[in-house]
Amino acid sequence: YKEDDERLVAHPGGGLSFDDIAKDGVATALQFDSVNRILYVMGSFERLTQTGEHCAGLAAYDTDRGTWTCLADKTHSVEPSSAGNMLLTEHGLLLAGKAEVNSTWTDPERPYTVALLTTKVVEGTDDDGDDDGDGGGG
C-alpha cells in the first residue's frame, strides 16, 4: 500500500511464481519481524521471481536490503499449502502444516505438525565489500 497515493502497489522484491514463471504463486501466510524488518512469506510457490531461485513455499524478504532468502528445507519443513500458517515468537518462527513427504517427521499417520524455525539475521556487506553503505571501498 502506498500511503501517498492511497493505492496498492507491487511488492518491491518482485513476486512468487511456480516453475513456469508465467503462473503466479500464492502467499497464504505472512509474518513481519518489525525489529529486524524481515517479512516471512509462506504459501504455494516454487520460485522467487526477483532472482529466479527455486524455493518451495517458505522465504524471507529483507525490507532494508531488498533481498530474498529461501528458507525451505524439505527434510525439516511443512508443505506450503492453504492449510499452513505461521506465528513469529521470541523463540522463532512457528510453522504449522503438513510435513513434507520426504521429511524427517516420523509419524506418517499424523502428518500435520508444528515446526520451529530459528533464524539469525546476519549483517551483510554493501556493493563495495564493506558494511558502511557509502559505496566506497575500505
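Note: the structure precedes this text.
In what follows, the accompanying structure is described.

Procedures and definitions
Residues numbered from 1 in each chain as written. Predicted model: local features only at pLDDT ≥ 70, side-chain atom pairs only at ≥ 80, totals over all residues. Heavy atoms only, no water. Helix = DSSP H or I, 4+ residues; strand = E, 2+ residues; numbered from the N terminus. Buried < 20%, exposed > 50% of the residue type's maximum accessible area, 1.4 Å probe, protein only. Contact = heavy atoms within 4.5 Å. Areas by Shrake-Rupley, 256 points an atom, 1.4 Å probe, with all protein chains shown as cover. Pairing = 2+ DSSP bridges. Axes fitted to C-alpha atoms, helices over the stretch in contact; angles between N-to-C directions. Core = buried A, V, L, I, M, F, W, Y, C linked by side-chain atoms within 4.5 Å. Polar contact = N/O pair within 3.5 Å; in protein donor to acceptor, adjacent residues only side chain to side chain. Salt bridge = Lys/Arg side-chain N within 4 Å of Asp/Glu carboxyl O.

Quick look at the overall build of the chain
Then step 1. If you tally the helices and strands in the chain, you get zero helices and nine strands.
Then step 2. Listing the helices and strands of the chain from first to last along the sequence gives β-β-β-β-β-β-β-β-β.
Then step 3. Classification of the 138 residues of the chain by burial places 29% in the buried group.
Then step 4. Restricting the contact set of the chain to residue pairs at least 6 apart, pairs at least 24 apart contribute 38%.
Then step 5. Accessible surface, the chain: about 9000 Å² in total, of which carbon and sulfur atoms supply 50%.

Focus: the sheet that holds strand β6 (residues 67–70)
Then step 1. Spatially, the four strands line up as an open sheet ordered β2-β3-β5-β6, and their pairing is antiparallel. At either margin of the open sheet sits one strand with a lone partner, and together these are β2 (26–33) and β6. When the angles between neighbouring strand axes are averaged without regard to direction, this sheet yields 25 degrees.
Then step 2. Pairing geometry for β2 and strand β3 (residues 38–44), over seven bridges, is antiparallel. Across the sheet, residue D33 finds its bridge partner in β3, namely I38.

Comments concerning the nonpolar core
The tendency in soluble globular proteins is for nonpolar side chains to be buried side by side.
Then step 1. If you look at the biggest cluster of nonpolar residues, it comprises 11 residues: A29, I38, Y40, M42, L58, A60, M86, L93, L95, A115 and L117.
Then step 2. In terms of residue count, the dominant contributor to this core is β3 (three residues).
Then step 3. Setting aside anything within four residues of it in sequence, one finds A60 in contact with I38, L39, Y40, T67, W68, T69 and L71.
Then step 4. Formed by nine residues, the second largest nonpolar core is a distinct cluster that contains L39, L48, C55 and W68.

Quick word on the pairing of strand β7 (residues 85–89)
Then step 1. The pairing of β7 with strand β8 (residues 92–98) spans five bridges and is classified as antiparallel. Residue pairing in the sheet places L88 in a bridge with L93 of β8.
Then step 2. Connecting β7 to the next strand, β8, in antiparallel fashion are two residues.

A look at the environment of A99
Then step 1. Among the structural elements, A99 can be located in the loop between β8 and β9 (112–117).
Then step 2. In this structure A99 comes out as buried when scored by relative accessible area, which is 8%.
Then step 3. It is 5.9 Å that separates the C-alpha atoms of A99 and Y112, two residues lying 13 residues apart in sequence.

A look at the side chain of R47
Then step 1. In this fold, R47 is placed in strand β4 (residues 47–48).
Then step 2. Here H54 takes part through its side chain, which lies 3.0 Å from a polar atom of the side chain of R47.
Then step 3. The residues touching R47, leaving out its near neighbours within four places in the chain, are G15, L16, S17, F18, D19, I21, G52, E53, H54 and C55.

Focus: the pattern of salt bridges
Then step 1. By the definition in use, this model includes two salt bridges.
Then step 2. Put simply, D64 and R37 hold a salt bridge, and the shortest N to O gap is 2.8 Å. With D64 in the loop between β5 (58–62) and β6 and R37 in the loop between β2 and β3, this residue pair connects regions lying 27 residues apart in the sequence.
Then step 3. Using a relative accessible area of 37% as the deciding quantity, one classes R37 as partly exposed.
Then step 4. A salt bridge links D62 to R65, with the nearest nitrogen and oxygen atoms 3.4 Å apart.

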